[in-house]
Amino acid sequence: MTDPLMPRRREVHPDPYWPDYKTSLTRSPNLPLLSMESTVSEETGPRFGHNMLGKLDNNLILNYTQGAAPAVGERIRVHGRVLDEAGRPVPHTLVEIWQANAGGRYRHIKDTYFAPLDPNFGGCGRTITDETGYYEFMTIRPGAYPWPNRANDWRPMHIHFSIFGHAFGQRLISQMYFEGDPLIDRCPIVATVRDRSQVDRLVAPLDMQNSRGMDYLAYKFDIVLRGSRQTMFENKPEGM
Amino acid sequence: MVQRLDTLVETPSQTAGPYVHIGCIPTFAGVEGIYPEDLGLSPIQEGAKGEVITITGSIYDGTGWAMRDAMVESWQADAAGIYPGQEGADPKVTGWCRFAADKDSGEFTLRTVKPGAVTNRDGKVMAPHISLWIVARGINIGLSTRIYFEDEDNSADPILARIEQRPRVHTLIAKKEGAGAYRFDIRLQGEGETVFLDL
Ligand SMILES: [Fe+2]
């Protein structure tokens, strides 16, 4: 028996259609979504085991060279917890990240920005939360980069996150920004989230307590997924 | 004043962007050697029970252009309608797959077993279907939809029954193109717009 997911609060998410983000204009549905309570198809989802992880999967400084040579850039540690809307930790769930290198260049066939590739940086990593929902990565601070939108648009420094939860209906992709980056308030992709307090939740604070002298700075990034509505009254067919 | 609710608010989505492949299917992006292979290459393993089918399609934007940069995930039950992780599930069905639109043609292919009808929590039976989740540059929050099948009895499906404008129902139904072969196109916006789900 699975539990119904809490309905998604669309108002805390980005507007799908956002004129300043040009590509969204032709990639957002015109018609309303069909809403109903989740079913078992959304309440179940893929699971991943810790045994699929390689030792360096959550270390983007070293994983592209399998430890042979470190990537260039400011060394940082990104860590936090995955929780659900009910405040419960989400244990043993897959967290994937990807990002540009220190110069703002992605290792991707479609990225043609002239900042150079770093031969020692691939740009992706993954980990699985522990039983308390905790995760951590070592990486380098990604560079800001220009992108083709309006004539002079720049993405703030960011790390892309993909999180699963335990139900397919919890699936989420988002981005983490860095405290103090002046490009955050100038970014039309950030601005798709209209609720300012929700934007703040995408900005990871510098976490000196968890930084290590002469080694790395830490940033704290907690993630909240949809929760499920647990009730003792509903676990039986309708009307019974 | 009243007591404060102690529920948290979901982290807002942000677009997966044009380089989603690096994080999710790095080999597709040209990033090799970090993982042994990309995750979710197939939703089935050798020996999965049921009819093996392929579903081919494209994802069109509002101008009718087949997108080259979308990534899709699918989730489904096994041939008996049981989800992986549930009691009695086929151990050869992982149920989850990741695939991308081809960077030249924009076409995707999903090879899987046809799922069985699924009984929901309330006892109602849903016709065989595969759930899809679509992300790409310009999609600010992932889009959910379902693939149903033309050659199944969809008449009592509770989700399809909720679609008020009956001509839109066909946007969720894969067309049979031959033995074990189906076509399922997705239109994000405009004429023939696919029904997207919020559930
Ligand atoms: Fe990016």
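Each remark here, short or long, concerns the structure printed above.
Scoring rules and cut-offs
- Residues numbered from 1 in each chain as written.
- Chains lettered and ligands numbered in written order.
- Predicted model: local features only at pLDDT ≥ 70, side-chain atom pairs only at ≥ 80, totals over all residues.
- Heavy atoms only, no water.
- Helix = DSSP H or I, 4+ residues; strand = E, 2+ residues; numbered from the N terminus.
- Rg over C-alpha atoms; globule rule 2.2 N^0.38 Å.
- Buried < 20%, exposed > 50% of the residue type's maximum accessible area, 1.4 Å probe, protein only.
- Pairing = 2+ DSSP bridges.
- Donors = N, O, S within 2.8 Å, 3.2 Å for Na, K, Ca; no water.
- Tetrahedral: all angles 85-135°; square planar, octahedral: opposite > 155°, others 65-115°.
- Contact = heavy atoms within 4.5 Å.
- Buried area = accessible area lost by both parts, 1.4 Å probe.
- Salt bridge = Lys/Arg side-chain N within 4 Å of Asp/Glu carboxyl O.
- Polar contact = N/O pair within 3.5 Å; in protein donor to acceptor, adjacent residues only side chain to side chain.
- Phe/Tyr/Trp six-rings, centres within 6.5 Å; stacked < 30°, edge-to-face > 60°.
- Lys NZ or Arg CZ within 6 Å of the ring centre and 35° of its normal.

Quick one: what's the story with the overall build of chain A, residue by residue and with numbers?
Check the secondary structure of chain A and you find two helices and 12 strands. Moving toward the C terminus, one meets the helices and strands of chain A in the order β-α-β-β-β-β-β-β-β-β-α-β-β-β. What you see for chain A is a C-alpha radius of gyration of 19 Å, in line with the 18 Å of a compact globule of 240 residues. Taking the principal axes of the C-alpha coordinates as reference, chain A spans close to 65 × 45 × 35 Å. When each of the 240 residues of chain A is scored for burial, the buried share is 54%.

Just give me the short version of the sheet that holds strand β3 (residues 94–98) of chain A, but keep the residues and values in it.
To summarise the sheet geometry, strands pair through backbone hydrogen bonds and adopt either a parallel or an antiparallel arrangement. The five strands lie next to each other as β4-β3-β8-β9-β10 (chain A), forming an open sheet whose pairing is mixed. Unpaired on one side and paired on the other, β4 (124–128) and β10 (203–204) of chain A mark the two borders of the sheet.

With reference to specific residues and values, describe the coordination of the iron ion.
Working reference: metal with six octahedral donors, ideal angles 90 or 180 degrees; metal with four tetrahedral donors, ideal angle 109.5 degrees. All names here are of chain A. Those donors, Tyr106 (OH), Tyr145 (OH), His158 (NE2) and His160 (NE2), are the protein atoms that reach the iron ion, and they lie 1.9 to 2.2 Å from it. One way to put it: the four donor atoms around the iron ion meet at angles of 90 to 165 degrees, and that makes the site irregular. Each donor residue of the iron ion lies on the same chain, and together they follow the pattern Y-x38-Y-x12-H-x1-H. Residue Tyr145 is found in strand β6 (residues 145–147), and its partner His160 is found in strand β8 (residues 158–163); the two are separated by 15 residues along the sequence. The same class applies to Tyr145 and to His160, which are both buried.

Go over unusual backbone geometry with me, naming the residues and quoting the values.
Residues and elements named next belong to chain A. Unusually for a residue other than glycine, Gln66 sits at a positive phi of about 55 degrees. With respect to the helices and strands, the residue Gln66 is situated in the loop between α1 (40–43) and β2 (75–84). Gln66 gets classed as partly exposed once you look at its relative accessible area, which sits at 48%. The backbone of Met214 sits at a positive phi, close to 60 degrees, despite the residue not being glycine. Relative to the helices and strands, Met214 resides in the loop between β10 and β11 (217–220). Residue classification places Met214 among the exposed positions, given a relative accessible area of 90%.

I'd like a description of the interface of chain B and chain A, backed by residues and values.
At the junction of the two partners, chain B supplies 76 residues and chain A supplies 87 residues. Summed over both partners, the interface of chain B with chain A buries about 7,300 Å², with 57% contributed by carbon and sulfur atoms. Ranking the residues of chain B by area buried against chain A places Glu10, Gln14 and Arg121 of chain B at the top, with a combined share of 13%. Where chain B meets chain A, there are eight salt bridges. The partner of Glu42 of chain A in a salt bridge is Arg146 of chain B, with the nearest N and O atoms 2.8 Å apart. For the pair chain B and chain A, the interface holds 52 residue pairs in polar contact (both at pLDDT 80 or more). Among the elements of the structure, α1 (20–24), α2 (26–29), β2 (71–76), β3 (96–100), β5 (118–119), β7 (130–135), β8 (143–149) and β12 (197–198) of chain B are those that each provide at least two residues to the side of chain B that touches chain A.

Just give me the short version of the side chain of His13 of chain A, but keep the residues and values in it.
Checked against the element boundaries, His13 of chain A lands in the segment before β1 (34–35). By relative accessible area, His13 of chain A is classed as buried at 2%. Looking at His13 of chain A, its side chain comes within polar contact range of the main-chain nitrogen of Ser13 of chain B, at 3.0 Å. Dropping the residues within four chain positions of it, His13 of chain A is found in contact with Arg8, Leu172, Thr192 and Val193 of chain A together with Glu10, Thr11, Pro12, Ser13 and Ile141 of chain B.

How would you explain the pairing of β3 of chain B if you had to name every residue and give the values?
Each regular strand displays side chains that alternate between the two surfaces of the sheet. Residues and elements named next belong to chain B. The buried fraction of β3 amounts to five of the five residues, a majority that puts the element mostly inside the structure. Here β3 shows no split at all, with Trp96, Arg98 and Ala100 on one side and Cys97 and Phe99 on the other all buried. Inspection of the sheet shows β2 paired to β3 by five bridges, in the antiparallel sense. Across the sheet, Glu73 pairs through a bridge with Arg98, a residue of β3.

Please provide a residue-by-residue account of the packing of aromatic side chains, values included.
Counted under the stated rule, the structure contains 15 aromatic pairs over all chains. An angle of 80 degrees between the planes, with centres 5.4 Å apart, marks the rings of Phe164 of chain A and Trp96 of chain B as edge-to-face. You can see Phe164 of chain A sitting in the loop between β8 and β9 (172–178) and its partner Trp96 of chain B sitting in strand β3, one on each of two chains. One aromatic cluster in this structure is built from Tyr135, Phe137, Phe161 and Phe221 of chain A. Lying over the aromatic face of Tyr35 of chain B, Arg126 of chain A brings its terminal NZ or CZ to 3.7 Å of the ring centre. The aromatic ring of Phe149 of chain B is capped on one face by Lys114 of chain B, whose charged end is 5.2 Å from the ring centroid.

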